[in-house]
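Report on the structure
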Amino acid sequence: MTGNKVIGLIIDFIKAIQSEEKALISYENGNKYKICSPKYLLGQIIRQYELTPRQYYISENAEFLWENVSTENIWNYYYRKYVKCENDVPVSIQEFTGNANTPRKIREVKKGDGFIFRDVFHDEHMIPISKIIEKLVSLPEPSYDNVKSILDSIYICRLLKSEDRILPIKYKRPFDLQKVISMYNSAGIKINKRR
């Protein structure tokens, strides 16, 4: 396949990282146009790259908590979206601020109460973005097929923030999904494919 703008943009940034100037450069009418920090920007682009449903996992604990809070589809929620509890029976939640290792608040929510999605849930790249970028930059000739193949190896696990905090290895993981799943299991976090 040719002409895919998204993959084409990613290829441009890969080539910029591989270039001597380490920048995305274009010339037009005698003018030079330059975007610096291509590695940083590629990381941001990959974080925003939309995955297919098959590239998602969810922890059993996250799914259980969600089912006790809402009848809505959990996959319609993300980042700062407000979650409203629909359950008459109080449900205990742990709310975190940013990257804090301990919850800022543990409280019970009941029908009508709410919270910010990312204060309780976390979407984690199972194979770190840095590993994805390494693979992309190591391609001698980036093309639609070989870039898409690497992008297809991105997986996200939706879990509780409290679970994310107990994962032993976050950044120096292998580029091997099954080994990463074993790491989750070893930490006592059971995960399943998105349904």
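In this report, the structure presented in the accompanying data block is examined. (Residues numbered from 1 in each chain as written. Predicted model: local features only at pLDDT ≥ 70, side-chain atom pairs only at ≥ 80, totals over all residues. Heavy atoms only, no water.)

This part covers unusual backbone geometry. Look at Lys22: it is not a glycine, yet its phi comes out positive at around 55°. Note that Lys22 resides in the loop between helix H1 (5–18) and strand S1 (24–28). Since its relative accessible area comes to 48%, Lys22 is described here as partly exposed. Positioned with a positive phi, Asn29 is a non-glycine residue whose angle comes to about 50°. (Helix = DSSP H or I, 4+ residues; strand = E, 2+ residues; numbered from the N terminus. Buried < 20%, exposed > 50% of the residue type's maximum accessible area, 1.4 Å probe, protein only.)

All chains considered together, the criterion is met by 12 salt bridges. Ionic pairing is found between Lys34 and Glu21, a salt bridge with its closest N-O pair at 3.4 Å. Highlighted residues: Lys34 in strand S2 (residues 31–35) and Glu21 in the loop between H1 and S1, separated in sequence by 13 residues. On the accessibility criterion, Lys34 (41% relative accessible area) is partly exposed. (Salt bridge = Lys/Arg side-chain N within 4 Å of Asp/Glu carboxyl O.)

Counting 53 residues, the largest nonpolar core has Leu42, Phe121, Met126, Leu136, Val147 and Tyr184 as its most contacted members. If near-sequence neighbours (up to four positions away) are discounted, Leu136 is found in contact with Ile14, Gln18, Leu42, Ile46, Val147, Ile150 and Leu151. (Core = buried A, V, L, I, M, F, W, Y, C linked by side-chain atoms within 4.5 Å. Contact = heavy atoms within 4.5 Å.)

What the 4 strands build is an open sheet, ordered S8-S9-S3-S10; its pairing is mixed. Of all strands in the sheet, those bounded by a partner on one side alone are strand S8 (121–125) and strand S10 (191–193). Direction aside, the axes of adjacent strands within the sheet are offset by 25° on average. In the sheet, strand S3 (residues 56–59) pairs with S10 via 3 bridges, with the strands oriented antiparallel. Note on S10: the bridge partner recorded for Ile58 is Asn192. Helix H3 (residues 60–69) rests against S3, S8, strand S9 (156–160) and S10 of the sheet, and its axis sits at about 75° to S3. (Pairing = 2+ DSSP bridges. Axes fitted to C-alpha atoms, helices over the stretch in contact; angles between N-to-C directions.)

Turning next to the layout of surface pockets. Remark: the empty space left among the atoms is shown by a probe the size of a water molecule rolled over them. Looking at the largest pocket, its volume works out to about 1,300 Å³. For the largest pocket, the lining is made up of 34 residues, of which Arg47, His122, Asp123, Glu124 and His125 are closest to its centre. Residue assignment for the lining of the largest pocket shows that the elements contributing at least two residues are helix H2 (38–48), helix H4 (117–120), S8, helix H5 (129–137), S9 and helix H7 (161–164). It is S8 that contributes the most residues to the lining of the largest pocket, 5 residues altogether. (1 Å grid on protein atoms, 1.4 Å probe; cavity = no way out; pocket = protein on both sides within 12 Å on 5 of 7 lines; lining within 4 Å. Points joined across faces, edges and corners; volume = space filled by probe spheres on them.)

What follows is about the packing of aromatic side chains. Taken as a whole and assessed by the stated rule, the structure comprises 7 aromatic pairs. Consider the rings of Tyr56 and Trp75, whose centres lie 5.3 Å apart with planes at 65°: the pair is edge-to-face. One end of the pair, Tyr56, is in strand S3; the other, Trp75, is in the loop between H3 and strand S4 (82–84), and 19 residues separate them in sequence. On the basis of relative accessible area, Trp75 is assigned to the buried category, the value being 17%. Here a set of aromatic residues connected by ring pairs shows up, and it is made of Trp66, Tyr77, Phe115, Phe117 and Phe121. In this structure, Lys135 packs its charged tip against the face of Phe175, placed 4.9 Å from the ring centre. (Phe/Tyr/Trp six-rings, centres within 6.5 Å; stacked < 30°, edge-to-face > 60°. Lys NZ or Arg CZ within 6 Å of the ring centre and 35° of its normal.)

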